Amino acid sequence: MITIVDYGMGNLRNVQRGLAAIGFDSEISSDPQAVGRARKVILPGVGAFGEAMKRIKDLRLLDSVVERARAGVPLLGI
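Novice: Could you give me a rundown of the nonpolar core, with the residues and numbers involved?
Specialist: Core analysis: the largest hydrophobic core is formed by twelve residues, namely Val5, Tyr7, Met9, Val35, Ala38, Val41, Leu43, Ala52, Ile56, Leu61, Val65 and Val73. Beyond its immediate chain neighbours, meaning those up to four positions away, valine 73 contacts Ala38, Arg39, Lys40, Val41 and Arg68.

This is the structure:
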């Protein structure tokens, strides 16, 4: 399962639809524990990444994303 990180910005549903179109199951989550269990992570982008990072930190998602990346879990930043 691919976890798309929901931090309140970005076009999450389009990313999810794109994955489905090529045959991949995914979930959208803002739960740090779900992100911490992810086998693959997508961090959708926006035009102002400074604000995105603030939201990621505010939602306590940063540690989970970093831990997954350090564990060798594939991470795609858009």
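Novice: Pulling in residues and values, what's your account of the environment of valine 41?
Specialist: Among the structural elements, valine 41 can be located in strand S3 (residues 40–43). Residue classification places valine 41 among the buried residues on the basis of a relative accessible area of 3%. In sequence terms valine 41 and isoleucine 22 are 19 residues apart; their C-alpha atoms lie 16 Å from each other.

Thresholds applied
- Counting restarts for each chain, with residues numbered from 1 along the sequence as it is written.
- Side-chain atom pairs in this predicted model are given and counted only at pLDDT of 80 or more, local residue features only at pLDDT of at least 70, and totals for whole chains, interfaces and linings cover all residues.
- Processing note: side-chain calculations cover all non-hydrogen atoms of the structure and skip hydrogens and water entirely.
- Here, nonpolar core refers to any group of buried Ala, Val, Leu, Ile, Met, Phe, Trp, Tyr and Cys residues whose side-chain atoms link them within 4.5 Å.
- When a residue's accessible area, from a 1.4 Å probe over protein chains only, is under 20% of the maximum for its type it is buried; when over 50% it is exposed; and in between it is partly exposed.
- Any two residues having at least one pair of non-hydrogen atoms within 4.5 Å are treated as being in contact.
- Helical segments are the DSSP runs of H or I of at least four residues, strand segments are the runs of E of at least two, and each set is numbered from the N terminus.

Geometric descriptors of this kind do not, in isolation, establish any biological role.
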